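Now for the letters of each chain:
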Amino acid sequence: MLTVEDREAIRRAYYLEKKSIRQIARELHHSRRVIRRAINDPQPETYQRTLIKPAPVLGAFRTRVEALLAQNNQLPKKQHYTARKIYETIAQEGYEGSESSVRKYISEGKKEHQSPKLFLPLDYEPGQDAQCDWGEATAIIAGVKQTVQYFVMRLCYSRRTFVMLFPSQNQECFLYGHVQAFNFFGGVPARISYDNLATAVKLAFDKKDKRTKRFENRTFVAFRSYYLFESHFCTPAAGWEKGQVEHGVKFSRENYLVPIPEAASFEELNQGILERCQQDDKRRVNRQPLTIGQAWEQERPLLQPLPRFPYDCCDMVTVRLTRYSQATYETNRYSVPVKRARREVTIKAYPFQIEIWDDKQLLATHPRCYGREQDIFDPLHYIALIAERPGAFDYATPMKQWRKEWPQSYNKMLAILKEKWSEGRGVQEFIRILQLHQDYPADLVEQAIEQALTFGCVHLDGVLLCLHQLTEPKEPTASLDLSDRPDLDKVGSQPVDLSRYEKLLKYSW
C-alpha cells in the first residue's frame, strides 16, 4: 500500500518533472499499475481489512459468548451479563485465552449492531422554559472538607444559569434554591422541567390502572401555585429531555468548583458562586448571535413577575421542650432561653438556620446542624438559671463550651474575682458581668472588660462604666471664660490646706 509520501513523489514526478511512467517505476521501485493508480486518483487509499483476523483460542467459544449476550434480552437491566462475567463463565468451561480478547470481541459486536445516539435540535421561546437539577461536589467550609450539593436552574432560551450550594438536597433547600433562582432571573419561567426528584414527586403503584404513577408532593404543589409555574417531569432515565441543565451541572462543576473551593461559610461560598454566574453573562454560546446576558435582557420582560413576598421555604413542626429547655429537630437539640421556655414550641427549619417560635413570638435562632444527635447551645439562654445556681457555673455544659471560645480577658477577670472573693461572691459577680451580653454586642462587652482590667476596676460597676464611656458620645469640653472674674482664675490651682481636714478628724473622735 502506498504511503501519502510515496503518492506525492509519484504525482510530482509525473506532473511537474514530466517523467514517464517507466522512468518513475525504475526510480521509485513501484509497479507501473501502482503508479498509474496514483496518477489517476489524487486521494490517498484507505485500508480495509478483507479477511477477519483469526482468533484461534476464542474461536471455539464465540457461539457461547453470543448465546450469553442474547440472554441479556430476557434478564433485568441491572443483572445483565457483563464482559467480566462472560469471561469468567467461559473460563470455567475451558477457555484459556485472555479477558481482553473477550472484551474486544464483545465491543466490536456492539459497534456493528448498535446505531449511534442521535439528538434533535431544540428551539425554545423566551420566558417559557427552564430546567432544574442537582449536582454533587466537594468543598472546604470552615476548614472541614465535605460533600456539598449544588442546585442548578437554567433558562432554556437565554441559557442564563443559577447555581447555589447547600449541605443537603432536602425540600427546604430545593424550594429555597428556586426562590433565589427566580430573584436572579428577575422573574418566573412558565414551565420548569425536573427529574423525578423525591422532594417534588413520589412514585407509587396505582392498583386501578395497574401501573406506576407520579404523585406530587403537597408542599411542592403549594409552592408551584404560589409562583404560578407549570412543572414537567422527565421520563425516568431520559436525561436528554433536560439536556441543557445536564450540561449546566457539568459546566458548573468544572468551571466554578475546580479547584476545590474553600470558604468560612456557605454564605461566603455562595456569594463567590453568584459572582461567577453573573460573569457568565458575558459568554457567547457557540453558534448563538448574542451573549447570554444580551439574550437574558430579551427574555426577562417575558418572565412572569415575582410575588410581593418570597415563599417561606421551611419545614415547620411543633415539638415539646425537653427539661433542659431544648427543642428537638431531626435528632439534634436546640436551646431556648429559660425565661421564655414554653411547654410546646414551633420549629421552622430553613436550609441554613433553625427558628423556634411561640405563636408569633420568635424565641431563638440557631445555625442549622446537619449532623446527628448534637446539642446546639446558646450559653446566654441559660445565664438566668446559672445566676440562680452559681454553684453549677463550672459544670454547666453551655458554660464549658463557651469558655473554650471566649477571649482570654474573660479568664483573667474571673481569676481576679475568684481571688478577691473566694467564698463564691466572685463567681456571682462574674455571672452578672456575662449577663451584659444580653443588652450589648459581644465585641463591645469584650472591649469594656479589657478596659476595666487596665483601669483596675475589676467588678460589675467598672465594666458598666467602661461600657457607658464606649457607648455614650463624648461631648467636647468648653473652656470657661473668667476674664471678667480675675479673682476666680486661680481656683483649683491653689495649694490644699490639710490642717482643716485634721480638725474634722478630731471632731469625729
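The residue count restarts for each chain, going from 1 along the sequence in the order it is written. Local features in a predicted model are, by the rule used here, given only for residues with pLDDT of at least 70; side-chain atom pairs are given and counted only at 80 or more, and totals for whole chains, interfaces and linings are based on all residues. Water and hydrogen atoms play no part in the side-chain values, which are based on all heavy atoms of the structure.

K.L.:
Can you help me understand the overall build of the protein in this one?
P.N.:
Numbered from the N terminus, helices here are DSSP runs of H or I no shorter than four residues, and strands are runs of E no shorter than two. Within the protein, the regular secondary structure consists of 19 helices and 15 strands. Exposure categories follow from relative accessible area, calculated using a 1.4 Å probe and restricted to protein chains: below 20% of the type maximum is buried, above 50% is exposed, and the middle band is partly exposed. Residue burial in the protein is summarised as follows: out of 509 residues, 36% are buried. Here the contacts in the protein between residues at least 6 apart in sequence split such that 58% fall between residues at least 24 apart. Whether two residues are in contact is decided by their heavy atoms: any pair within 4.5 Å suffices.

K.L.:
What is the right way to read the packing of helix α1 (residues 4-15) against helix α3 (residues 32-40) from this model?
P.N.:
Two numbers describe a pair of packed helices, the interaxial angle and the distance between the axes. Here an axis means a line fitted to C-alpha atoms, over the contact stretch when the element is a helix, while the angle between two N-to-C directions is reported on a 0 to 180 degree scale. Two numbers describe how α1 lies on α3: the axes approach to 9 Å, and their chain directions differ by 80°. On the basis of their axis angle, the class for α1 and α3 is roughly perpendicular. Contact residues: R7, I10, R11, Y14 and Y15 in α1; I35, R37, A38 and I39 in α3. For this classification, the nonpolar set comprises Ala, Val, Leu, Ile, Met, Phe, Trp, Tyr, Cys and Pro, the charged set comprises Asp, Glu, Lys and Arg, and every other residue, Gly included, is treated as polar. Split into classes, the residues belonging to the contact of α1 with α3 amount to six nonpolar, no polar and three charged. Every angle not falling under 35 degrees, over 145, or within 65 to 115 is termed oblique; those three ranges are roughly parallel, roughly antiparallel and roughly perpendicular.

K.L.:
Just checking my understanding: could you explain the side chain of K348 for this structure?
P.N.:
Mapped onto the elements, K348 comes out in strand β12 (residues 344-349). Excluding residues that lie within four positions of it along the chain, K348 makes contacts with D312, C314, D315, M316, Q353, I354, E355 and W357.

K.L.:
I would appreciate a short explanation of the nonpolar core in the present structure.
P.N.:
Looking at soluble globular proteins, one finds that nonpolar side chains tend to be buried together. Nine residue types can take part in a nonpolar core, namely buried Ala, Val, Leu, Ile, Met, Phe, Trp, Tyr and Cys, and a core is a set of them joined through side-chain atoms within 4.5 Å. F151, M153, L165, F174, Y194 and F229 are the most contacted members of the largest nonpolar core, which has 47 residues in total. The element contributing the most residues to this core is helix α8 (residues 171-185), with eight residues. Formed by 31 residues, the second largest nonpolar core is a distinct cluster that contains I386, F393, W406 and L453.

K.L.:
Got a minute to help me understand the pairing of strand β1 (residues 129-141) in this structure?
P.N.:
The two faces of a sheet get side chains in turn, since along a regular strand they alternate between them. Within β1, ten of the 13 residues are buried, which leaves the element mostly enclosed by the surrounding structure. A pair of strands counts as paired when DSSP detects no fewer than two bridges linking them. Strand direction decides the pairing type here: β1 and strand β4 (residues 191-194), joined by three bridges, are parallel. Counterpart to A130 in the pairing with β4 is I192. Taken together, the twelve bridges between β1 and strand β2 (residues 144-155) define a ladder with antiparallel strand orientation. Across the sheet, G135 pairs through a bridge with Y150, a residue of β2. Of the strand pairs in this sheet, β1 and strand β8 (residues 262-263) are connected by two bridges, and their pairing is parallel. By the bridge assignment for β8, I140 is matched with E262.

K.L.:
Before we go on, may I ask you to explain the packing of aromatic side chains in this structure?
P.N.:
Two numbers describe a pair of aromatic rings. These are the distance of the centres and the angle of the planes. Stacked, tilted and edge-to-face are the three classes assigned to paired rings of Phe, Tyr and Trp, where Trp is represented by its six-membered ring and a pair needs centres within 6.5 Å; plane angles under 30 degrees give stacked, over 60 edge-to-face, the rest tilted. Enumeration according to the criterion identifies 31 aromatic pairs in this entry. A centroid spacing of 5.5 Å and a plane angle of 70° characterise the contact between Y226 and Y311, whose relative ring orientation is edge-to-face. Placement of Y226 in helix α9 (residues 218-227) and of Y311 in the loop between α12 (292-299) and β9 (315-320) is noted, with a sequence separation of 85 residues between them. You can call Y311 partly exposed: its relative accessible area is 21%. Residue placement shows R160 over the ring face of F184; its charged tip is 3.9 Å from the ring centre. The ring centre of W296 lies 4.4 Å from the NZ or CZ of R300, which sits over that ring. The criterion for a charge sitting over a ring is simple: Lys NZ or Arg CZ within 6 Å of the ring centre, and within 35 degrees of the ring normal.

K.L.:
What should I look at first to understand the sheet that holds β9 in this one?
P.N.:
Within a sheet, each strand pairs with its neighbour through backbone hydrogen bonds, oriented either parallel or antiparallel. Spatially, the four strands line up as an open sheet ordered β9-β12-β13-β14, and their pairing is antiparallel. Both outer strands of the open sheet, β9 and β14 (361-367), are each paired with one neighbouring strand and no more. Strand-to-strand twist across the sheet, computed as the mean angle between neighbouring axes with direction ignored, equals 25°. Note that β9 and β12 share six bridges and pair antiparallel. From the neighbouring strand, M316 faces β12, where its bridge partner is K348.

K.L.:
Hey, could you run me through the packing of helix α15 (residues 408-420) against helix α17 (residues 442-455) in this one?
P.N.:
Where α15 meets α17, the axes come as close as 10 Å, and the angle between the chain directions of the two elements is 50°. If you check the angle between α15 and α17, you find them oblique. For α15 against α17, the interelement crossing comes out left-handed. In contact with S409, Y410, K412, M413 and I416 of α15, α17 contributes A442, V445, E446, I449, E450, A452 and L453. Of the residues that constitute the contact of α15 with α17, the class distribution is eight nonpolar, one polar and three charged. Helix crossings get a hand from a simple test, with the near helix turned counterclockwise from the far one by less than a right angle marking a left-handed crossing and a clockwise turn marking a right-handed one.

Purely geometric stuff here, so don't read any function into it on its own.
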